[in-house]
Amino acid sequence: MVLDGKAPSGPLAERWDKRRQELKLVNPANKRRYKILVVGTGLAGASAAATLGELGYNVEAFCFQDSPRRGHSIAAQGGINASKNYPNDGDSIYRLFYDTVKGGDFRARESNVYRLAMLSNNIIDQCVAQGVPFARDYAGYLANRSFGGAQVSRTFYARGQTGQQLLLGAYGALSRQIHAGTVRLYPRTEMLDLLVINGQAKGITVRDLITGAIRSHAGDAVCLCTGGYTNVFYLSTNAMGSNVTATYRAYKRGALFANPCFTQIHPTCIPVTGDHQAKLTLMSESLRNDGRVWVPKKKADERKPHEIPEEERDYYLERKYPSFGNLAPRDIASRAAKEVCDEGRGAGPGGRGVYLDFADAIQRFGREKIAERYGNLFEMYEKITAENAYERPMRIYPAPHYAMGGLWVDYNLQSNIPGLFVLGEANFSDHGANRLGASALMQGLTDGYFIISYTIADYLARTTPGLVSIDHPEFRKAEEEVQVSVKRLLSIQGTKTVNDFHRELGRIMWDNVGMARSRQSLELALKRIPELRAEFWSNVKVPGSGADLNQELEKAGRVADFLEFGELMALDALLREESCGGHFRVEHQMPDGEARRNDDNFCYVAAWEFRGTGKKPELHNEPLTFEHIQLATRSYK
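Definitions and cut-offs
- Note that residues are indexed from 1 along each chain, following the sequence as it is written.
- A pLDDT threshold of at least 70 governs which residues receive local features in this predicted model, and a stricter bar of 80 or more applies before side-chain atom pairs are shown or counted, although totals over entire chains, interfaces and linings include all residues.
- The side-chain quantities take in all heavy atoms of the structure and omit both hydrogens and water.
- Strands are runs of DSSP state E lasting at least 2 residues, helices are runs of H or I lasting at least 4, and numbering of each runs from the N terminus.
- Between the two quantities, the radius of gyration covers C-alpha atoms and the globule rule is 2.2 Å times the number of residues to the power 0.38.
- Buried means the residue's accessible area, taken with a 1.4 Å probe over protein chains only, is under 20% of the maximum for its type, while exposed means over 50%, and partly exposed covers the values in between.
- In this analysis, two residues are considered to be in contact whenever any of their non-hydrogen atoms come within 4.5 Å of each other.
- Only the protein chains shown count as cover for residues, with accessible areas throughout obtained via the Shrake-Rupley method and a probe of 1.4 Å.
- Only four residue types enter the charge count: Lys and Arg as positive, Asp and Glu as negative, with His and the chain ends excluded.
- In plain terms, the charge of a residue is placed at NZ if it is Lys, CZ if Arg, CG if Asp and CD if Glu.
- Multiplying 1.5 Å by the residue count of a helix minus one yields the expected span of that helix.
- The seven residues ending at a residue and the seven starting there each receive a fitted axis; the angle between those axes is the bend at that residue.
- For two strands to pair, DSSP has to find at least two bridges joining them.
- Think of each axis as a best-fit line through the C-alpha atoms, taken over the contacting stretch in the case of a helix, with angles from 0 to 180 degrees between the N-to-C directions.
- Here, a salt bridge means any side-chain nitrogen of Lys or Arg that lies within 4 Å of a carboxyl oxygen of Asp or Glu.
- Every angle not falling under 35 degrees, over 145, or within 65 to 115 is termed oblique; those three ranges are roughly parallel, roughly antiparallel and roughly perpendicular.
- Residues are grouped as follows: Ala, Val, Leu, Ile, Met, Phe, Trp, Tyr, Cys and Pro are nonpolar; Asp, Glu, Lys and Arg are charged; all remaining types, including Gly, are polar.
- Stacked, edge-to-face and tilted labels apply to pairs of Phe, Tyr and Trp rings (six-membered ring for Trp) whose centres lie within 6.5 Å, assigned for plane angles under 30 degrees, over 60, and everything in between, in that order.
- Helix crossings fall into two classes, left-handed where the near helix is turned counterclockwise from the far one by less than a right angle and right-handed where it is turned clockwise.

Asks: Please clarify how the overall build of the protein should be interpreted in this entry.
Replies: A count of helical and extended segments in the protein gives 17 helices and 19 strands. The C-alpha radius of gyration of the protein comes to 24 Å, within 12% of the 26 Å expected for a compact globule of 637 residues. Taken over the C-alpha atoms alone, the protein extends approximately 75 × 60 × 50 Å along its principal axes. Looking at the 637 residues of the protein, the share that counts as buried comes to 62%. Sequence-distant contacts, at least 24 apart, represent 74% of the contacts inside the protein between residues at least 6 apart. Approximately 24,100 Å² of the protein is accessible, and the part contributed by carbon and sulfur atoms is 48%. When the 80 basic and 75 acidic side-chain charges of the protein are each reduced to a single mean position, those positions are 2 Å apart.

Here's what the structure looks like:
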């Protein structure tokens, strides 16, 4: 099967307008006859639910947190991109488009990325109108700063709390629709299955996390906005509850999973301190605007950083990538940090860290200005490490962060299952093999505020509302299957906890499917993951019952999915015989250690189809064509 992304033809800048004119509409009186189920209430989900509710659709929104305000979007720190060119430094829609395609190592659709760049300016206007407190300059204009992979300042920010402030804006819009009665919110509710009836997505099966009740909800369309899957590594920057369950179970119902091996390792995270940790803490990429990254030139140098003179420091990003310096893209900066640490020049306990030094910036601007820009990040760092980053350099090291892979969608954000739309990080569409900083918030809000309302209307206009209800036998069947799965997990009563298995899976994935991958390591992962999965289903211990609040049961279901998904991820990485973006195969690199793409054989989206438990999934391709940007070696030197 060769997949069709259904991107419109014609001049790039006119394609979204052309598509909007082609799409069917639903008249205002008919909108309230349609029910849309929105799963997830982070930036993509909250903005989508609020927008669809505002238009008059009947919306049901689901989140496993106690409030949409706890969506993981809240953790985004550094900023959100838009091509407004306020600093007058040469930015444009085309330049943002170009930087994003290049940053993704030419593994994203041109049409999708251009639309993202074009709509980015609308997001800023929308969020300002909602009262998002973006930083401003001395004249009162919105301020901008730089991020990795760009030579212009296009990132809008609210100190180091940008995601939180944007989510509060979306939450306000969502709350208005809840009060108006167009949106009904179901908190502490987890989606466990997708209902596909007559080939179309018509509902979901959920578990009430407070009472344990299993029930179903019918709808005319389903929007999955459930985020990424990098908690497959156990230790990541994601919230501990972030998981792959909703998208993976949609995959098992027929949705294609695209590019699962494309995960991002963020270069600026607080290093691991021991086995007691369950997650890692992100230090915003924005810190690299003013912080300089370095390590000692001498191996195993145990001197304190202030004791190492300037001539004995290696500012390796500035040395290797003079055009971009400390703002090299995340995948490149992460591999460079690993390289110097592997040479024995790492900083801190265990040598798994590099310095992020603000001494020059403090001397140039003063401590007060640095505190104004990054104060909450410095406070967070000190609370975790008991070190004052104003007085000594931060220690950072790469960690799993963002998932570029996700369910396959076409230009309309619809999966290969009609009626199933996928937004934000849960889909694969905009970032290719690497995400540039400050573009995740941009994508989530673009999908939710400005795209889905047009594209889902086209689908709904072609369907009859209320065609399927929860009385359909498929709903009862799905509920029974979920009950069987819950009872199976509770009945094993083994000797190892869910966290034991998750931690062990994380080690397998990080060691073999992490920053550097090889045929040997991937084949080892593909051997060990099924063994661990078999042990899980015979020896996991899940205490309590399924009839009330049981967080161990929640985790068990999510880890069971990770134990299957990790195998799919490793298989995808094994078959992609190239290095591109965050996917680095050690067999495929340039003489200088940079990634070597294989455009002749792998310039496509790899979309996997579930073929049954215990069977190898089937690979389908969507060829990628580049009409406006020439395929070239990705260089930041």
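Asks: Explain helix H5 (residues 110–129) here, please?
Replies: Every α-helix carries 3.6 residues per turn, so stepping three or four residues along brings you back to the same face. Over its 20 residues, H5 runs 30 Å from end to end, which matches the ideal 28 Å to within 8%, given 1.5 Å per residue. At leucine 119, H5 shows its strongest bend, of approximately 35°. Summarising burial for H5: 15 of the 20 residues are buried, a large majority. A positive phi of about 95° marks glycine 131, the residue just after H5.

Asks: Would you mind going over the pairing of strand S1 (residues 35–39) with me for this structure?
Replies: Two faces make up the sheet, and in a regular strand the side chains alternate between them. Counting buried positions along S1 gives four out of five residues, so the element sits mostly inside the fold. Direction of pairing for S1 relative to strand S2 (residues 58–62): parallel, over a ladder of five bridges. Bridge assignment links valine 39 to a residue of S2, and that residue is phenylalanine 62. Two strands pair when backbone bridges link them, and S1 and strand S9 (residues 221–224) are joined in this way by four bridges, in the parallel orientation.

Asks: Mind showing me how you'd approach the sheet that holds strand S14 (residues 354–357) here?
Replies: Two modes of strand pairing occur in sheets, parallel and antiparallel, and in both the strands are linked by backbone hydrogen bonds. Read from one edge of the open sheet, five strands run S11-S15-S14-S12-S13, paired in antiparallel fashion. The two strands at the open ends of the sheet, each matched to only one other strand, are strand S11 (263–269) and strand S13 (313–314). For strand S12 (residues 292–296) and S14, the ladder comprises three bridges, and the chain directions are antiparallel. Along S14, the bridge assignment pairs arginine 292 with aspartate 357.

Asks: What's the story with the sheet that holds strand S16 (residues 406–407) in this structure? I'm lost.
Replies: Read across the open sheet, the four strands follow the order S16-S10-S18-S19; overall the sheet is antiparallel. Every interior strand has two partners, whereas the edge strands, S16 and strand S19 (618–623), have only one. Where strand S10 (residues 257–258) meets strand S18 (residues 604–609), two bridges bridge the pair, whose relative direction is antiparallel. Directly across from alanine 258, in S18, lies its bridge partner alanine 607. Sheet contacts for helix H16 (residues 551–575): S10 and S18; angle to S18, the most-contacted strand, approximately 145°.

Asks: Just checking my understanding: could you explain the pattern of salt bridges for this structure?
Replies: Once the charged atoms of two side chains with opposite charge are near each other, the side chains can pair. Scanning all chains against the criterion turns up 60 salt bridges. The salt bridge partner of arginine 154 is aspartate 99, with a shortest N-O separation of 3.0 Å. Here the residue arginine 154 occupies a position in the loop between H5 and strand S4 (155–156), and aspartate 99 occupies one in helix H4 (residues 93–103), the gap between them amounting to 55 residues. The pair arginine 154 / aspartate 99 is uniform in exposure class, with both members buried. Here glutamate 587 ties to arginine 585 by a salt bridge, and the two come within 3.0 Å at their closest N and O atoms.

Asks: Help me understand the packing of H5 against helix H12 (residues 440–460), please; the structure alone is not making it clear to me.
Replies: How two helices sit against one another is set out by the angle between their axes and by the gap between those axes. The interhelical angle for the contact between H5 and H12, taken along N-to-C directions, is 80°, at an axis separation of 9 Å. When the axes of H5 and H12 are compared, the pair comes out roughly perpendicular. Facing Arg115, Leu116, Leu119, Ser120, Asn122, Ile123, Gln126 and Cys127 of H5, the residues of H12 in contact are Met442, Gln443, Leu445, Thr446, Tyr449, Phe450 and Ile451. Split by residue class, the contact of H5 with H12 holds nine nonpolar, five polar and one charged.

Asks: What am I meant to see in the packing of aromatic side chains here?
Replies: Both the distance between ring centres and the angle between the ring planes are used here to describe each pair of aromatic rings. According to the stated counting rule, one finds 27 aromatic pairs in the structure shown. With centroids separated by 5.0 Å and ring planes inclined at 10°, the aromatic side chains of phenylalanine 62 and tyrosine 186 adopt a geometry described as stacked. Of this pair, phenylalanine 62 sits in strand S2 while tyrosine 186 sits in strand S5 (residues 183–186); the two residues are 124 residues apart in sequence, bridging distant segments of the chain. Among the residues examined, phenylalanine 62 registers a relative accessible area of 2% and is labelled buried. Judged by its relative accessible area of 10%, tyrosine 186 is buried. Residues phenylalanine 97 and tyrosine 114 carry aromatic rings whose centres are separated by 5.3 Å and whose planes lie at 70° to one another, so their mutual orientation is edge-to-face. Within this pair, whereas phenylalanine 97 is found in helix H4, its partner tyrosine 114 is found in helix H5, the two being separated by 17 residues in sequence. An aromatic cluster is defined as three or more aromatic residues linked by ring pairs; in this entry it consists of Tyr229, Tyr248, Tyr251, Phe257, Phe565 and Phe610.

Asks: How should the environment of arginine 558 be read in this particular structure?
Replies: Here arginine 558 shows up in helix H16. Between the C-alpha atoms of arginine 558 and isoleucine 362, which are 196 residues apart in sequence, the distance is 45 Å. Ignoring sequence-local partners within four residues, the contact set of arginine 558 consists of Phe64, Glu190, Leu209, Gly241, Asn243 and Thr245.

Asks: Can you walk me through the packing of helix H3 (residues 43–55) against H12 in this structure?
Replies: Viewed as axis vectors pointing N to C, H3 and H12 meet at an angle of 30°, and their least axial separation amounts to 8 Å. Regarding the angle of H3 to H12, the classification is roughly parallel. In this structure, H3 crosses over H12, and the sense of that crossing is right-handed. Taken together, the residues of H12 that come into contact with H3 (itself represented by Leu43, Ala44, Ser47, Ala48, Thr51, Leu52 and Leu55) are Leu441, Gly444, Leu445, Gly448, Tyr449, Ile452, Ser453 and Ile456.

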